[in-house]
Amino acid sequence: MIILGIDPGYAILGYGVISTQGVRSKAIDYGVIETVAHTPFPERLERLYIGTNELIKLYKPDHVAFEELFFARNTTTALQVAAARGIALLAAQQAGLPLYEYTPMQIKSAVSGNGHADKKQVQQMIKLLLSLSSVPKPDDAADALAAALCHANTAGPAAETFRIK
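A brief report on the enclosed structure follows.

1. Some details on helix α1 (residues 41-59)
Structural remark: α-helix, 3.6 residues per turn; residues separated by three or four positions point the same way.
Alright, step 1. A rise of 1.5 Å per residue sets the reference length of α1, with its 19 residues, at 27 Å; its end C-alpha atoms lie 27 Å apart and thus fit the reference within 8%.
Alright, step 2. Within α1, the full set of buried residues consists of Arg-44, Leu-45, Leu-48, Gly-51, Thr-52, Asn-53, Leu-55 and Ile-56.
Alright, step 3. Here the buried face of α1 lies against β1 (2-7), β2 (12-21), β3 (24-34) and α2 (75-94).
Alright, step 4. Positive backbone phi, approximately 45°, marks Lys-60, located one or two places after α1.

Take a look at the structure:
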C-alpha cells in the first residue's frame, strides 16, 4: 500500500510518501510544497492545490493521511491553515482516494509509543522505522511521514474510525 501523509500548512505543506507491506514500511519520498510570502492568498492556495495534485499523480497513493489541525491562539493563522488543508483534501477527494485524519497525539503514539513524545523523539523514530540515514528535514516533512506511518500502523478495520466522511 502507498500512503501519502500530509502536514497541512499554507506557507509550507509537508508531505511524506511511504510504501507499507505488513509491518514493514519504507520512505518513497518526502518534502514540502512551499508558497512565497506576500503572495496573494488565493495564489498560495492554487500552488498547494497544484502541488498536491502532482504528488497524487506521481505516486498514486492508495490512502491519504492528514494530521488534524490544532490551534490554541491565532485565529487568523488557524483559518488560513484550515483553507490549505481544505485544498489538499479537495485534491485527494477529486482523485477518489480514501482520506484519514489523526490527531498529533495519535500520531506521536503510533510512531513512538508515547502520545506526549517531543518532536526530536518522533523524528528519531521516523528515521529508525523507515531506515533513513538522517532525520527527515524540514520538520513539516517529518510530520507528514509520521502521519503516513500512523496510518500504516492503524490500517485495517480500526482505520475506518479515522476515515474522513
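Having put the structure on the table, let's press on.
2. Details of the nonpolar core
Alright, step 1. Core analysis: the biggest nonpolar cluster contains 23 residues, and Leu-4, Ile-6, Leu-48, Val-64 and Phe-66 have the highest contact counts within it.
Alright, step 2. Broken down by secondary-structure element, the contributors of at least two residues to this core are β1, β2, α1, β4 (63-67) and α2.
Alright, step 3. Element by element, the count of residues in this core is highest for α2, at seven residues.
Alright, step 4. Once residues lying within four places of it in the same chain are set aside, the contact partners of Leu-4 are Tyr-15, Gly-16, Val-17, Ile-56, Pro-61, His-63, Val-64 and Ala-65.
Alright, step 5. In this structure, Ile-3, Tyr-100, Ala-146 and Cys-150 belong to the second largest nonpolar core, which totals 21 residues.

Conventions used here
Sequence order sets the numbering: in each chain, residues are counted from 1 along the sequence as written. Given that the model is predicted, a residue must reach a pLDDT of at least 70 before its local features are reported, and side-chain atom pairs must reach 80 or more before they are shown or counted; all residues, however, enter totals for whole chains, interfaces and linings. To obtain the side-chain values, all non-hydrogen atoms of the structure were included, while hydrogens and water were left out. Numbering of helices and strands runs from the N terminus; a helix is a DSSP stretch of H or I covering at least four residues, while a strand is a stretch of E covering at least two. A helix's residues, less one, multiplied by 1.5 Å, set its expected span. Relative accessibility under 20% of the residue-type maximum defines a buried residue, over 50% an exposed one, and the middle range a partly exposed one, all with a 1.4 Å probe and only protein chains included. Every residue pair with non-hydrogen atoms within 4.5 Å of one another is taken to be in contact. For this analysis, a nonpolar core means a set of buried residues of the types Ala, Val, Leu, Ile, Met, Phe, Trp, Tyr and Cys, connected via side-chain atoms within 4.5 Å.

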